[in-house]
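# Coordinate inspection notes
So the chains spell out like this:
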Amino acid sequence: MRHNNKNIVAILLLSLFAFSANAQQKTTKDKVLASVAGMQEQRQTIDSLLLIEATQDEEYEDIPSDSLYGEWDNETLNPYKVKITEIKDSFLVDCSEYVHPIDNIVTSEFGQRWGRFHAGIDMRIKVGDSVRCAFSGKVRIARTGSRRRGYGYYVVIRHENGLETLYGHLSKILVKPDQEVKAGEAIALGGNTGRSTGPHLHFETRYLGNPINPRNFIDFDNYVIKYDNYTITKAESFKEFKEFVNSPTRYYRVRQGDNLGYIARKHHTTVSRLCKLNRLKATSVIKAGKKLRVS
Ligand SMILES: [Zn+2]
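Residues numbered from 1 in each chain as written. Predicted model: local features only at pLDDT ≥ 70, side-chain atom pairs only at ≥ 80, totals over all residues. Heavy atoms only, no water.

## Description of unusual backbone geometry
Unusually for a residue other than glycine, Asp178 sits at a positive phi of about 75 degrees. With respect to the helices, strands and loops of the structure, Asp178 is situated in the loop between β10 (172-173) and β11 (180-181). Here His268, not a glycine, exhibits a phi torsion of approximately 55 degrees, which is positive. Relative to the assigned elements, His268 resides in the loop between α4 (260-266) and α5 (271-278). (Helix = DSSP H or I, 4+ residues; strand = E, 2+ residues; numbered from the N terminus.)

## Quick word on the nonpolar core
Generally speaking, soluble globular proteins have nonpolar side chains that are buried together. One finds Val155, Tyr167, Leu170, Ile187, Tyr207 and Ile232 to be the most contacted residues of the largest nonpolar core, which totals 45 residues. Within the residue set of this core, elements represented by two or more residues are β1 (90-94), β5 (121-124), β8 (153-159), β9 (164-170), β12 (186-189), β13 (200-207), β17 (229-233) and α3 (239-246). Leave out the neighbours within four places in its chain, and Ile187 touches Val131, Arg132, Cys133, Val155, Ile157, Tyr167, Ile173, Leu174, Val175 and Val181. Leu274, Leu280, Ile286 and Val294 belong to the second largest nonpolar core, which has eleven residues in total. (Core = buried A, V, L, I, M, F, W, Y, C linked by side-chain atoms within 4.5 Å. Buried < 20%, exposed > 50% of the residue type's maximum accessible area, 1.4 Å probe, protein only. Contact = heavy atoms within 4.5 Å.)

## What about the packing of aromatic side chains?
Taken as a whole and assessed by the stated rule, the structure comprises ten aromatic pairs. Aromatic side chains Tyr151 and Tyr154 sit 5.1 Å apart centroid to centroid with 50 degrees between the ring planes, which places their arrangement in the tilted category. The residues Tyr151 and Tyr154 share a single accessibility class, namely buried. An angle of 15 degrees between the planes, with centres 6.5 Å apart, marks the rings of Tyr227 and Tyr230 as stacked. For Tyr227, a relative accessible area of 41% puts it in the partly exposed group. Residue Tyr230 is classed as buried on the basis of its relative accessible area of 9%. For Lys266, the ring lying beneath its charged end belongs to Tyr151, and the centroid distance is 4.6 Å. (Phe/Tyr/Trp six-rings, centres within 6.5 Å; stacked < 30°, edge-to-face > 60°. Lys NZ or Arg CZ within 6 Å of the ring centre and 35° of its normal.)

## What about the environment of His202?
Locating His202 in the fold gives a position in strand β13. Since its relative accessible area comes to 4%, His202 is described here as buried. Between the C-alpha atoms of His202 and Met123, which are 79 residues apart in sequence, the distance is 6.6 Å.

## Overview of the sheet that holds strand β6 (residues 130-132)
Read across the open sheet, the three strands follow the order β6-β12-β10; overall the sheet is antiparallel. Only two strands of the sheet have a single partner each, and these edge strands are β6 and β10. By the bridge criterion, two bridges tie β10 to β12 in an arrangement that is antiparallel. Among the inter-strand pairings, Lys172 is bridged to a residue of β12, identified as Leu189. (Pairing = 2+ DSSP bridges.)

## Let's talk about the pairing of β5
The side chains of a regular strand alternate, residue by residue, between the two faces of the sheet. Where strand β2 (residues 106-108) lies against β5, two bridges are found, and the strand directions are antiparallel. Looking across to β5, one finds that Val106 is bridged to Met123. The sheet contact formed by β5 and β13 spans four bridges and is antiparallel. Among the inter-strand pairings, Asp122 is bridged to a residue of β13, identified as His202.

## What to know about the environment of Val224
Structurally, the position occupied by Val224 is in strand β16 (residues 224-225). As for Val224 and His100, which are separated by 124 residues in sequence, their C-alpha atoms are 6.2 Å apart. Those residues in contact with Val224 that lie beyond four places of it in its chain are Tyr98, Ile218 and Asp219.

## Digging into a negative patch on the surface
Among the surface-exposed residues, Asp62, Asp66, Asp94, Glu97, Glu160, Glu180 and Asp228 lie close enough to one another that they form a single negatively charged patch. Assignment of secondary structure puts Asp66 in helix α2 (residues 64-68). (Patch = residues over 30% accessible without salt bridge, like charges linked within 9 Å, V, L, I, M, F, W, Y side chains within 5 Å. Areas by Shrake-Rupley, 256 points an atom, 1.4 Å probe, with all protein chains shown as cover. Salt bridge = Lys/Arg side-chain N within 4 Å of Asp/Glu carboxyl O. Lys, Arg positive; Asp, Glu negative; His and termini not counted. Charge placed at Lys NZ, Arg CZ, Asp CG, Glu CD.)

## Details of the confidence of the model for the protein
For the protein, per-residue confidence averages 84 on the pLDDT scale, and residues scoring 70 or more make up 78% of the total. The low-confidence segment residues 54-60, where pLDDT is below 50, has zero contacts with residues more than four positions distant or belonging to other chains. (pLDDT = per-residue confidence, 0-100.)

## Overview of the environment of His118
Its location among the elements puts His118 in strand β4 (residues 116-118). With residues near it in sequence (within four places) discarded, His118 still touches Ser108, Glu109, Phe110, Gly111, Arg113 and His202. Polar contacts involving the side chain of His118 include one to the main-chain carbonyl oxygen of Glu109, which spans 2.7 Å. Looking at His118, its side chain comes within polar contact range of the side chain of Asp122, at 3.2 Å. (Polar contact = N/O pair within 3.5 Å; in protein donor to acceptor, adjacent residues only side chain to side chain.)

Written as C-alpha cells, this is what we have:
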C-alpha cells in the first residue's frame with residue numbers, strides 16, 4: 001500500500017512536470033506563432049499602406065482628360081477633329097463637383113437655329129455678374145480678341161473628367177491660358193460681346209470637340225447637376241448635332257460682316273465645299289442678305 005502510494009506520488013509528480021513542461025513549450029510556441037502573426041500583420045499593414053499609396057498615385061495620374069486628349073491648343077476651339085463615329089461607344093463622366101455657371105433662366109436652347117447650329121445653351125446674365133467654372137480643370141483658351149464677332153470674349157476650360165466647357169459673350173476674363181481652376185471659381189464676368197443681342201452667357205459642353213446638349217445632364221431649372229456620373233454614349237449624346245450634320249440641304253442668309261471662312265466654320269463645313277455648293281471663288285465678296293447653300 002505504501003509502495004503503491006509512493007508510485008502514485010511519483011506518477012503524479014512526473015505527469016505534473018510533463019504537463020508544466022508541455023505548458024511551457026506551448027507558451028513558447030504560442031509566443032513564436034504570435035510574434036510571426038504579428039510580423040505578418042505588420043507586413044500586411046505595410047503592404048496595404050504601399051497599396052493605398054500606389055493606388056493614390058495611380059488615381060492622381062489617371063486624370064481621364066489626359067488620356068483622351070492628345071493636343072493642348074490655346075487658340076482653336078476644336079483642334080481634335082474627332083468625328084462622332086470615331087468616339088468609343090460610351091464614356092463615364094464624373095460630374096459630382098458640378099457648379100452652375102450662373103443661376104439664371106435659359107433664354108435659348110441647344111440645337112438648330114436659323115439654319116445654323118447653336119452648340120450651347122444661353123442663360124440670362126447681367127453685365128458684370130460672375131461666371132463660375134462648372135468643374136475643376138485648366139484654362140485652354142481665354143480670348144479677348146473679337147468684341148463683335150462670334151463668341152466675343154470667351155473662355156474654354158478642359159476638365160479632368162474629360163469634358164470641355166465654353167463660356168461666351170463675356171465682358172471681362174479673370175483667368176489666363178494654362179491656369180488651373182476649381183469648380184465654382186469665378187473665371188469671368190458676364191457681358192454682351194460678340195454676336196449677341198443682349199447680355200447673356202453662352203455655355204457649351206463638349207467632348208473631344210463635339211458639342212453635347214448640356215440639358216442631357218444639367219438641371220437648368222434648379223441650377224444643379226442631374227447625375228453624379230453621366231455616361232456619354234455615341235448613340236444618344238450627340239443626337240441633335242448628328243441630325244444637323246447629316247441633314248441634306250441647308251441654307252443660310254449672309255449677315256453683315258460675314259466671310260466664307262466664318263460661315264464655313266459655323267456650319268461645320270469647309271470654304272471649298274461652300275464654293276462648290278454656291279459656285280463661288282474663295283475670294284468672292286458675299287453680300288449681306290444673300291442666301292447661301294451651306295450643305
Ligand atoms: Zn448662344
